[in-house]
Amino acid sequence: MADTFLQNGIKDKRGDSNYFRKGCNPFAQTGRSKLQNMRASLNQQIIKQMRMRAGAENLLKATSNNKVKEMVLLELSYVNANLQLLMGQLEGLNSSVEVYQDTEETRNIPLIALGLKETKEVDFSTLFKDFILEHYSEDGNSYEDEIADLMDLRQACRTPSRNEAGVELLAKYFSHLPLMESRFFSPAHQTGIFFTWYDSFTGVPVCQQNLSLEKASILFNMAALYSQIGTRSNRQTIAGLQKAISSFQIAAGTLNHLKETFTHTPSYDMSPAMLSMLIRMMLAQAHECLFEKMALPGIRNEFYSLTKMAQEAAKVSEIYDQVHQSMIQTPIKDNVPLFWSTMAQVKTNHYRSMAHFFVSSALLDHQLGPSDDEDQQEKTLSQLYDCLPEGCTPQDILKKKDERERIGKAHIRRAIMGHEEALRIYGLCHHLNKLEVLQEILKASHQRSLNKYSENESEEEFTDYTEAPDIIAKTEQKAEMEVPATTKVKVTDFFHRLGPLSVFSAKQRWTAPRTIQLRPKDKDLGFTLKGEMPVQVVSLDSLCSAAADGLKEGDYIVAIGDTDCKWLGVSEVMRLLKDVEEEGVDIQVVSMLDNSPSMPTKSATFSGNLPKTFSMICLAYNDDDKNPKSRKVTKKPSFISWGLRNKLKSTSTLSLPTSDNAGAFPWNKPCPTFPTSSSYNNDSALY
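Residues numbered from 1 in each chain as written. Predicted model: local features only at pLDDT ≥ 70, side-chain atom pairs only at ≥ 80, totals over all residues. Heavy atoms only, no water.

Student: Hey, could you run me through the overall build of the protein chain in this one?
Tutor: From N to C terminus, the protein chain includes 18 helices and 12 strands. Considering the protein chain as a whole, with its 687 residues, one finds that 51% of them fall into the buried category. Relative to all contacts within the protein chain whose residues are 6 or more apart in sequence, the contacts with residues 24 or more apart total 77%. In the structure as shown, the protein chain presents an accessible area of about 32,500 Å², 50% of it carried by carbon and sulfur atoms. (Helix = DSSP H or I, 4+ residues; strand = E, 2+ residues; numbered from the N terminus. Buried < 20%, exposed > 50% of the residue type's maximum accessible area, 1.4 Å probe, protein only. Contact = heavy atoms within 4.5 Å. Areas by Shrake-Rupley, 256 points an atom, 1.4 Å probe, with all protein chains shown as cover.)

Printed below as a string of structure tokens:
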């Protein structure tokens, strides 16, 4: 009975300590690397076709020559056809689940893994060096090694290994992002760095200047990597199944964290509706592995064991039916691969049929004997069905042999019909036809049900059309989302030398370092120190030599002689100042400035060739009024009028554009499989 649940496989281990920083070789000819390379190539081709279409549409609007219009329309038809073909190829990549399965696994239904989001390389060097010089008043060239380490880490995150080391690599970069944001991304100044990520389902690029898209995409890739670890686990062993269960639960937890934390991500694969569907799918696969874990030691041919496994199988079927229902909702169904929804439908029918097979075996193979507990079996049957056929009770099924056989045969007929439906659906999807192991499992299960029916078929009996009642889905182990601990990895700031983040961050403003010469008289410096790191000057004597040299109360001491003091406390600084000779010593100090920006910044998002969308309407302060309490805010007419004209084009969560000029379609309308031409304006551009 458990022949379709038994698996074979091997466990992958890797002990290379240097693997953490390097990631996988992007040129390695493995199945997964080839798949990612093909995905990157398709993304580039898609964006090329989208640019060609935008240019053709601009020409179509600008020309009045009918002959030119005919040529442009012909070219647009070719471009749209190419886009449709590329989208189909991208769907095929998302349907290539065989490369993610365990290498020697031959007896398991394949599981679905998410593909990694692709991104472009980002060069931090020039802009970060300029920002360090301008904002921190330090030589940016002295931070070349730190910037190179950061860029190497991001590059390695594009090809993480499919194990815990790869997850740690992504988690390490994710933990560095808040530090990098605090150091270089000021709310009053745009760095000019663009982060481009491609939608994993449509290939449409999304580009932002802030780090929200970068953080969300790294989280998505962490969930994708956990799903790949789960599909690769050896499901022939308890340890392998437990690893798969944990991986899928962590993947669901990571996606849920992404959904709750980044609610305005302008990428369709990270929209709330899509993330909700992906969470359900991860939990469904985790529950499927829980069922396989229960069946792995073998299912005892006993009445109670069979009825218990029947309800467990019915629960798996119910969960996959919910996943399938979420996949066929608009607009998800237009972008989810057909392979995914078909696989969910196949598993729904397969596990429902398996549940009916277990109940038929319990009824046909186990008659009520003198030593059996009649009350317990009656209670089990009453909990198995929600509604029995008219005139039939659990006691009748137990005591009357004919009634027991009649209901048992009805269950085996439903099992046969369910397996036939699963095979029919399997044949409708050409991507599923590549999975021969799935077809073998479905045929073996179907044949097993046919054999059970033939064993209990009698030629003398009349045809019975009794329909088997539905089985109540029930489980003892429920798959739950797990919050990954790896999202909170402790890391050392690459730019630690710039000073404590509480003071030396992008949002703080201070003067350039000033040199003050200290000449203590009778070991009296003329001021005291307070604070942690860096120390601050307080109780300054206005008549001391340091005050005459330009020292102000509230200044931060950043250097004493050649010693950097940004990370020194009061005791360490006082120790250095006590050793000052009579000729004195030079110290460097900075003064904090007003952090109120002159104008709130605007945050632009670029999605494919979509027009710019701004996160807020830009306002200008009245510079004539210097009093911050009475400062008035006046609106710039040009920005206001621009915002009103484009109000409908700005969305918090962008879906794929449609022909509607609003730029985002309502959820109750179908969406196309790729962006349509009329959703772009004349000034549209990727950058």
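Student: Help me out: how do you make sense of the packing of aromatic side chains in this one?
Tutor: A ring pair, where both rings are aromatic, is described by two values, the distance of the centres and the angle of the planes. Counted according to the given criterion, the structure contains 15 aromatic pairs. The rings of Phe124, Phe128, Phe131, Tyr136, Tyr143, Phe184, Phe185, Phe195, Phe495, Phe504 and Trp510 are connected pair by pair, giving a single aromatic cluster. The ring of tyrosine 143 has arginine 497 sitting right over it, with the charged end atom 4.1 Å from the ring centre. (Phe/Tyr/Trp six-rings, centres within 6.5 Å; stacked < 30°, edge-to-face > 60°. Lys NZ or Arg CZ within 6 Å of the ring centre and 35° of its normal.)

Student: Mind showing me how you'd approach the pattern of salt bridges here?
Tutor: It is possible for side chains of opposite charge to pair when their charged atoms get near one another. Inspection of every chain in the model, using the stated rule, returns 19 salt bridges. Where arginine 235 meets glutamate 292, a salt bridge forms, and the shortest distance between an N and an O atom there is 2.7 Å. One end of the pair, arginine 235, is in the loop between α7 (212–232) and α8 (238–261); the other, glutamate 292, is in helix α9 (residues 272–295), with 57 residues separating them in the sequence. Considered together, arginine 235 and glutamate 292 belong to a single accessibility category, that of buried residues. Salt-bridge contacts for glutamate 288 lead to lysine 347; the nearest nitrogen and oxygen are separated by 2.9 Å. Note that glutamate 288 is positioned in helix α9 and lysine 347 in helix α11 (residues 338–365), a separation of 59 residues in sequence. The class of lysine 347 is buried, set by a relative accessible area of 1%. (Salt bridge = Lys/Arg side-chain N within 4 Å of Asp/Glu carboxyl O.)

Student: In this structure, what is going on with the packing of α9 against helix α10 (residues 303–327)? I would like to understand it.
Tutor: Any two packed helices are characterised by the angle at which their axes cross and by the distance between the axes. Where α9 meets α10, the axes come as close as 9 Å, and the angle between the chain directions of the two elements is 165°. The orientation of α9 relative to α10 falls into the category roughly antiparallel. Judged by the sense of rotation from one axis to the other, the crossing of α9 with α10 is left-handed. Packed against α9, whose contacting residues are Met277, Arg280, Met281, Ala284, Gln285, His287, Glu288, Phe291, Met294 and Ala295, the element α10 presents Lys308, Met309, Glu312, Ala313, Lys315, Val316, Ile319, Tyr320, Gln322, Val323, Ser326 and Met327 at the interface. Grouping the constituent residues of the contact of α9 with α10 by class yields 13 nonpolar, 4 polar and 5 charged. (Axes fitted to C-alpha atoms, helices over the stretch in contact; angles between N-to-C directions. Parallel < 35°, antiparallel > 145°, perpendicular 65-115°, else oblique. Left-handed = near helix turned anticlockwise from the far one by under 90°. Nonpolar A, V, L, I, M, F, W, Y, C, P; charged D, E, K, R; others polar.)

Student: I'm lost on the packing of helix α4 (residues 125–135) against helix α6 (residues 164–184) in this one. Help?
Tutor: The interhelical angle for the contact between α4 and α6, taken along N-to-C directions, is 50°, at an axis separation of 11 Å. In this view, α4 runs oblique relative to α6, as classed from their interaxial angle. Only Met180, Arg183 and Phe184 of α6 make contact with α4, whose side of the interface consists of Phe128, Phe131 and Ile132.

Student: Sorry, what's going on with the side chain of serine 326 here?
Tutor: Checked against the element boundaries, serine 326 lands in helix α10. A distance of 2.6 Å separates a polar atom in the side chain of serine 326 from the backbone oxygen of valine 323. Residues in contact with serine 326, not counting those within four places in the same chain, are Met277, Arg280 and Ile332. (Polar contact = N/O pair within 3.5 Å; in protein donor to acceptor, adjacent residues only side chain to side chain.)

Student: I tried to follow α6 on my own but got confused; where do I start?
Tutor: It helps to recall that an α-helix has 3.6 residues per turn; residues three or four apart then point in one direction. Look at α6: 30 Å from first C-alpha to last across 21 residues, which is about the 30 Å you get at 1.5 Å a residue. Remark: the principal bend of α6, roughly 25°, maps to leucine 177, with a proline, proline 178, within the next four residues. (Expected span 1.5 Å × (residues − 1). Bend = angle between axes of the 7 residues up to and from the residue.)

Student: Would you explain the pairing of strand β2 (residues 205–208) in this entry?
Tutor: Two faces belong to every sheet, and in a regular strand the side chains alternate between them. Here β2 shows two buried faces, one formed by Pro205 and Cys207 and the other by Val206 and Gln208. Inspection of the sheet shows strand β1 (residues 195–198) paired to β2 by 4 bridges, in the antiparallel sense. Pairing of threonine 196 across the sheet is with cysteine 207, part of β2. Here β1 folds back onto β2 in antiparallel fashion, the turn holding 6 residues, of which glycine 203 has a positive phi close to 75°. (Pairing = 2+ DSSP bridges.)

Student: Sorry if this is basic, but what is going on with the environment of histidine 189 here?
Tutor: In this fold, histidine 189 is placed in the loop between α6 and β1. The exposure class assigned to histidine 189 is partly exposed, which follows from its relative accessible area of 35%. When the C-alpha atoms of histidine 189 and alanine 506 are compared, they prove to be 8.8 Å apart, with 317 residues separating the residues in sequence.

Student: I would appreciate a short explanation of the nonpolar core in the present structure.
Tutor: The nonpolar side chains of a soluble globular protein tend to be buried, and buried together. Formed by 128 residues in total, the largest nonpolar core has its most connected members in Phe124, Phe128, Met180, Leu278 and Trp340. The contact partners of phenylalanine 124, leaving out residues within four places of it in the chain, are Ile147, Leu150, Met151, Arg154, Tyr173, Met180, Ile193 and Phe195. Ile516, Leu525, Cys565 and Val585 belong to the second largest nonpolar core, which has 20 residues in total. (Core = buried A, V, L, I, M, F, W, Y, C linked by side-chain atoms within 4.5 Å.)

Student: Would you explain unusual backbone geometry in this entry?
Tutor: Comment: phi is negative for the bulk of residues other than glycine, and the bulk of peptide bonds are trans. With omega at 5°, the peptide bond leading from threonine 330 into proline 331 counts as cis. The omega torsion of the bond from methionine 533 to proline 534 falls at -5°, within 30 degrees of zero and hence cis. The backbone of serine 137 sits at a positive phi, close to 55°, despite the residue not being glycine. Mapped onto the fold, serine 137 is located in the loop between α4 and α5 (144–156). You can call serine 137 partly exposed: its relative accessible area is 33%.

Student: Looking at this model, I keep getting lost on the confidence of the model for the protein chain. Mind explaining?
Tutor: The predicted structure's coordinates, where accompanied by low pLDDT, should not be read in detail. With 75% of its residues at a pLDDT of at least 70, the protein chain reaches an overall mean of 78. In the model, residues 608–687 has pLDDT below 50 throughout and makes 159 contacts with residues more than four positions away in sequence or in other chains. (pLDDT = per-residue confidence, 0-100.)

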